[in-house]
Amino acid sequence: MYISLVRSSHMLACPCSSSTIVKHRAGKTTNRTAFGTTNISKWSRGARHMKTAVQAQERPTWLPGLDPPPHLDGTLAGDFGFDPLGLGEDPASLKWYVQAELVHARFAMAGVAGILFTDLLRVTGISDLPVWYEAGATKFDFASTRTLFIVQLLLMGFVETKRYMDFTNPGSQAKEGSFFGLEAALEGLEPGYPGGPLLNPLGLAKDITNAHEWKLKEIKNGRLAMVAMLGIFVQANVTHVGPVDNLVKHLSDPWHVTIIQTLAGSGS
């Protein structure tokens, strides 16, 4: 007679006599036989270890079949084992690179959205805006270029300093009086995720420790935006027009206006 022990989606079978009774409890399995009671919780622990091993083998990586490096154990959002240069082998460096990637991803998402939106307004004639790579040279009546640069330097410097201080000492910038009385509006959740009504108005990830899915979506979109920004930089350097102009030109003759012909034409 065989009796199956099911634990953590694994099934264990053991040969037992007809007088064997298996009793399941929360977190514990007891085997009652004619000779006494035997605790076989070790089998349950073995099943859990087996499950962990199977999950580790099935973990998706950036290159299928490639074993991820030991310092990338899958706990980070968007961790697919990509670190060919071994930059994150040092735990302190890995912690900093995670924050650096997150900030660059957010800037890239904002940049791509801003470039496409303003370029669409320019091409459709809704607004007389300069192409994005000439916007920095635009003169404004309300302030000089030097004034705008100094104001931006002060504001960005202040924000980045606060972010670095929260990185080195998590939670220090959420203390009362550390941000002009606006600490409750920011409600720092963890380094890199300030949250609060100002930066998380929809309350999508109030429990940041269990918001792995939201973190994964953000970093995936951010990485895509960084690649898109690289493409926008290259097309501006090669074609000297905006991305919407490039798209319109490609759609007008999709078989002859492609990246291949464009790059080949720029080199001749």
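Nothing here was measured: the structure is a model prediction, and the numbers come from that model.

The rules we used
- Residues numbered from 1 in each chain as written.
- Predicted model: local features only at pLDDT ≥ 70, side-chain atom pairs only at ≥ 80, totals over all residues.
- Heavy atoms only, no water.
- Helix = DSSP H or I, 4+ residues; strand = E, 2+ residues; numbered from the N terminus.
- Buried < 20%, exposed > 50% of the residue type's maximum accessible area, 1.4 Å probe, protein only.
- Contact = heavy atoms within 4.5 Å.
- Salt bridge = Lys/Arg side-chain N within 4 Å of Asp/Glu carboxyl O.

*Asks:* Sorry if this is basic, but what is going on with unusual backbone geometry here?
*Replies:* Of note in the backbone geometry, H240 takes a positive phi value of approximately 60° without being a glycine. Here H240 lies in the loop between α6 (212-239) and α7 (243-252).

*Asks:* Honestly, the environment of G88 in this entry has me stumped. Any pointers?
*Replies:* Structurally, G88 is set in the loop between α1 (41-57) and α2 (91-124). In this structure G88 comes out as buried when scored by relative accessible area, which is 3%. For the pair G88 and P69, spaced 19 residues apart in the sequence, the C-alpha separation amounts to 9.6 Å. If sequence neighbours within four positions are ignored, G88 has contacts with H71, D83 and L94.

*Asks:* Sorry if this is basic, but what is going on with the pattern of salt bridges here?
*Replies:* Close approach of charged atoms allows side chains of opposite charge to pair. As enumerated under the stated definition, the model contains seven salt bridges in all. In this structure, the salt-bridge partner of D245 is R122, at a minimum N-O distance of 2.7 Å. Here D245, found in helix α7, pairs with R122, found in helix α2; they are 123 residues apart in sequence, far enough to count as distant. In this structure, E213 engages K217 in a salt bridge whose closest nitrogen and oxygen atoms are separated by 3.5 Å. Placement of both E213 and K217 in helix α6 is noted, with a separation of four residues, approximately one turn of the helix. K217 gets classed as partly exposed once you look at its relative accessible area, which sits at 40%. Each of D119, R122 and D245 takes part in one network of salt bridges that share partners.

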